[in-house]
Amino acid sequence: GNSVTQMEGPVTLSEEAFLTINCTYTATGYPSLFWYVQYPGEGLQLLLKATKADDKGSNKGFEATYRKETTSFHLEKGSVQVSDSAVYFCALSAHASGTYKYIFGTGTRLKVLA
Amino acid sequence: EPEVTQTPSHQVTQMGQEVILRCVPISNHLYFYWYRQILGQKVEFLVSFYNNEISEKSEIFDDQFSVERPDGSNFTLKIRSTKLEDSAMYFCASSEEEVQETQYFGPGTRLLVL
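Here's a quick rundown of the structure. Starting from 1, residues in each chain are numbered consecutively following that chain's sequence as written. Both sets of labels track the order of writing: A upward for chains, 1 upward for ligands. In keeping with the predicted nature of the model, local features appear solely for residues at pLDDT of at least 70, side-chain atom pairs appear and are counted solely at 80 or more, and the whole-chain, interface and lining totals rest on all residues. For the side-chain quantities, the full set of heavy atoms in the structure was used; hydrogens and water were omitted.

Comments concerning the overall build of chain A
Inference 1: Each helix and strand in chain A was counted, giving zero helices and 12 strands.
Inference 2: Counted from the first residue to the last, chain A has its helices and strands arranged as β-β-β-β-β-β-β-β-β-β-β-β.
Inference 3: For the radius of gyration, the atom set is restricted to C-alpha positions; the globular benchmark scales as 2.2 Å times the number of residues to the power 0.38. Its C-alpha radius of gyration of 14 Å places chain A within 12% of the 13 Å reference for a compact globule of 114 residues.
Inference 4: With the C-alpha coordinates aligned to their principal axes, the bounding extent of chain A is approximately 45 × 30 × 20 Å.
Inference 5: Residues classed as buried in chain A amount to 46% of the 114 residues present. Working definition: helices are DSSP H or I runs of at least four residues, strands are E runs of at least two. Numbering for both runs from the N terminus. Burial classes follow relative accessibility: with a 1.4 Å probe on protein chains only, a residue under 20% of its type's maximum area counts as buried, one over 50% as exposed, and anything between as partly exposed.

What follows is the structure, given as structure tokens:
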């Protein structure tokens, strides 16, 4: 079946530190992969996506590369800011019955200290 | 930028009562979804909806749940007889025909069943 595994949080970093949040998946076929961010008290916002192997998604300084050989989609940012503090969810899109549904990871809470 | 909206933002209800959660998807989107997130847990798929019928539903989506698109703009989730374990954040999402697999989420409705 389809599943997504994310690294456990919380992750606490100082401002300007390098961020990596690991995400691996198992899937039948070749799903699209996503990172969503949830700021405190808000809903899920699409951060970036990649639809095929070796694609790199990027947005707001965040990047993730779809690695088929390691079934991974790790999220990275070179220099985090306090405003990046949020919960980050990795997800894959599974196609069935003519529509897609998302399988989410457990989420990783990031706290960035000034 | 168009966005998915949900009402109410919070709802408190007594066990056994019926609740209706409302969503207004992005106007040109044709695929609609409900997900839920029990506090501290994963975001879980409930149901997908297209062309006025359910495309897929999860094991969670039992006979107590129903969805409806009563008019051209609203998409609702009804829980007929709420249980304590229905307490969660409920997210509505929508996607467009051409890029079906990218879903846009609303801010969520936090449901508390007492």
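Quick notes on the nonpolar core
Inference 1: Take the buried Ala, Val, Leu, Ile, Met, Phe, Trp, Tyr and Cys residues and link them wherever side-chain atoms come within 4.5 Å; each set so joined is a nonpolar core. Formed by 28 residues in total, the largest nonpolar core has its most connected members in Leu19(A), Trp35(A), Leu47(A), Leu48(A), Phe73(A), Leu75(A) and Tyr88(A).
Inference 2: Among the secondary structure elements, those contributing two or more residues to this core are β2 (11-14), β3 (19-21), β4 (23-26), β5 (32-38), β6 (44-50), β8 (62-65), β10 (86-96) and β12 (108-113) of chain A.
Inference 3: By definition, residues are in contact when any of their heavy atoms lie within 4.5 Å. The contacts of Leu75(A), once residues within four sequence positions are left out, are Leu19(A), Thr20(A), Ile21(A), Trp35(A), Leu47(A), Leu48(A), Phe62(A), Glu63(A), Ala64(A) and Tyr88(A).
Inference 4: The next biggest cluster of nonpolar side chains, apart from the first, holds 22 residues, and it includes Trp34(B), Ile38(B), Phe49(B) and Val67(B).

Focus: the interface of chain B and chain A
Inference 1: In this assembly, 21 residues from chain B lie in contact with 23 residues from chain A.
Inference 2: Buried surface at the junction of chain B and chain A, both sides included, amounts to about 1,900 Å², of which 54% is carbon and sulfur.
Inference 3: Whenever a carboxyl oxygen of Asp or Glu lies within 4 Å of a side-chain nitrogen of Lys or Arg, that contact is scored as a salt bridge. At the surface where chain B touches chain A, the tally comes to one salt bridge.
Inference 4: Under this definition, polar contacts are N or O atom pairs within 3.5 Å; protein pairs additionally need one hydrogen-donor-capable and one acceptor-capable atom, and for neighbouring residues in sequence, both atoms have to be side-chain atoms. Where chain B meets chain A, there are eight residue pairs in polar contact (both at pLDDT 80 or more).
Inference 5: Listed by contribution, the elements that provide at least two residues to the side of chain B that touches chain A are β4 (31-37), β5 (43-50), β6 (53-57) and β10 (104-105) of chain B.
Inference 6: When residues are grouped by polarity, Ala, Val, Leu, Ile, Met, Phe, Trp, Tyr, Cys and Pro land in nonpolar, Asp, Glu, Lys and Arg in charged, and all others, Gly among them, in polar. Counted by class, the side of chain B that touches chain A contains 11 nonpolar, seven polar and three charged residues. Summed over both partners, buried area is the accessible surface (1.4 Å probe) that two parts give up on being assembled.

Some thoughts on the environment of Lys78(B)
Residue and element names in this part refer to chain B.
Inference 1: Relative to the elements of secondary structure, lysine 78 occurs in strand β8 (residues 75-79).
Inference 2: Judged by relative accessible area, lysine 78 falls into the partly exposed class, the value being 27%.
Inference 3: For the pair lysine 78 and glutamine 17, spaced 61 residues apart in sequence, the C-alpha to C-alpha distance is 11 Å.
Inference 4: The residues touching lysine 78, leaving out its near neighbours within four places in the chain, are Glu18, Val19, Ile20, Gln64, Phe65 and Ser66.

A word on the side chain of Ser72(A)
Residues and elements named next belong to chain A.
Inference 1: Structurally, serine 72 can be placed in the loop between β8 and β9 (75-77).
Inference 2: Within the local environment of serine 72, its side chain forms a polar contact with the side chain of threonine 70, the two groups lying 2.8 Å apart.
Inference 3: For serine 72, the residues in contact, after removing those within four places along its chain, are Cys23, Thr24, Tyr25, Leu33, Thr65, Tyr66 and Arg67.

So, unusual backbone geometry
Inference 1: At the junction of Gly9(A) and Pro10(A), the peptide bond is cis and its omega measures out at -5 degrees in the coordinates.
Inference 2: For the peptide bond that leads from Thr7(B) to Pro8(B), omega is -10 degrees, which places it in the cis range.
Inference 3: Looking at the element boundaries, Pro8(B) is found in the loop between β1 (5-7) and β2 (10-13).
Inference 4: One non-glycine residue, Thr71(A), lies in positive phi territory at about 40 degrees.
Inference 5: Here Thr71(A) shows up in the loop between β8 and β9.
Inference 6: Look at Thr71(A) and you get partly exposed, because its relative accessible area is 30%.
Inference 7: Positive phi values are uncommon outside glycine, yet Asn51(B) reaches one of about 55 degrees.
Inference 8: In this structure, Asn51(B) sits in the loop between β5 and β6.

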